[in-house]
Amino acid sequence: MTKKFKIITICGSLKFTEQMIAETYYLESEGNLVIGCTYMPVGLTKEDVPDGDWELFDEIHKCKIDMSDAIFVVNVGGYIGSATRSEIDYAKNTGKEIIYLEPLGK
């Protein structure tokens, strides 16, 4: 019989890509199944990506949240951008557990 893993989707600003990759390792080393976001290929910046692709990536990421038990928000220094805020709101509205890397400020 296959073990039931807690499924967690990583959320956060792409400026924290290295931290998100590290957190994926740590979460999986604790026995979780982690679904990542769409990372930028080396050499590309956000400005290189057509707007329509960002809408598609957002829709796909919300499908990942649907498949998850929880989201893990990589909020380095307390930073949460508008896209990540949208993912948090979506997770709240769909009853998902929300875990933050750093405690939320007041």
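Everything discussed here concerns the structure shown above.
Residues numbered from 1 in each chain as written. Predicted model: local features only at pLDDT ≥ 70, side-chain atom pairs only at ≥ 80, totals over all residues. Heavy atoms only, no water.

Now for the sheet that holds strand S3 (residues 70–74). Read across the open sheet, the four strands follow the order S2-S1-S3-S4; overall the sheet is parallel. With partners counted over all chains shown, the strands left at the sheet margins are strand S2 (33–35) and strand S4 (97–100), one partner each. With strand direction ignored, the average angle separating the axes of adjacent strands in the sheet is 30°. In the sheet, S3 pairs with S4 via four bridges, with the strands oriented parallel. What sits directly across from Phe-72, in S4, is Ile-99. On top of the sheet, helix H1 (residues 17–29) reaches strand S1 (7–12), S2 and S3; it is set at about 165° to S1, its chief contact. Contacting S1, S3 and S4, helix H3 (residues 82–93) crosses the sheet at an angle of about 155° to S3. (Pairing = 2+ DSSP bridges. Helix = DSSP H or I, 4+ residues; strand = E, 2+ residues; numbered from the N terminus. Axes fitted to C-alpha atoms, helices over the stretch in contact; angles between N-to-C directions. Contact = heavy atoms within 4.5 Å.)

Nonpolar side chains in soluble globular proteins tend to end up buried together. Counting 11 residues, the largest nonpolar core consists of Ile-8, Ile-10, Leu-14, Phe-16, Met-20, Leu-27, Val-34, Cys-37, Ala-70, Phe-72 and Val-74. Taken together, the elements giving at least two residues each to this core come down to S1, H1 and S3. Ranked by the residues each element gives to this core, the list is headed by S3, at three residues. The residues touching Phe-72, leaving out its near neighbours within four places in the chain, are Ile-8, Thr-9, Ile-10, Cys-11, Glu-23, Leu-27, Ile-99 and Leu-101. Val-73, Ile-80, Ile-88 and Ala-91 belong to the second-largest nonpolar core, a separate cluster that totals seven residues. (Core = buried A, V, L, I, M, F, W, Y, C linked by side-chain atoms within 4.5 Å. Buried < 20%, exposed > 50% of the residue type's maximum accessible area, 1.4 Å probe, protein only.)

This part covers the side chain of Asn-32. With respect to the helices and strands, Asn-32 occurs in the loop between H1 and S2. Within the structure, the side chain of Asn-32 is placed 2.8 Å from the backbone oxygen of Leu-27, a separation counted as a polar contact. When neighbours within four sequence positions are excluded, Asn-32 is seen to be in contact with Lys-6, Ile-8 and Leu-27. (Polar contact = N/O pair within 3.5 Å; in protein donor to acceptor, adjacent residues only side chain to side chain.)

Counting buried positions over the six residues of S1 gives six, a clear majority of the element. Where burial is concerned, the two faces of S1 agree: the one with Ile-7, Thr-9 and Cys-11 and the one with Ile-8, Ile-10 and Gly-12 are both buried. Assessed by its sense of winding, the connection that carries the chain from S1 through H1 to S2 is right-handed. Summarising the sheet, S1 and S3 pair through five bridges and their orientation is parallel. Each residue of the ladder has a partner; that of Gly-12, found in S3, is Val-74. (Right-handed = clockwise from strand over helix to strand, strands pointing away.)

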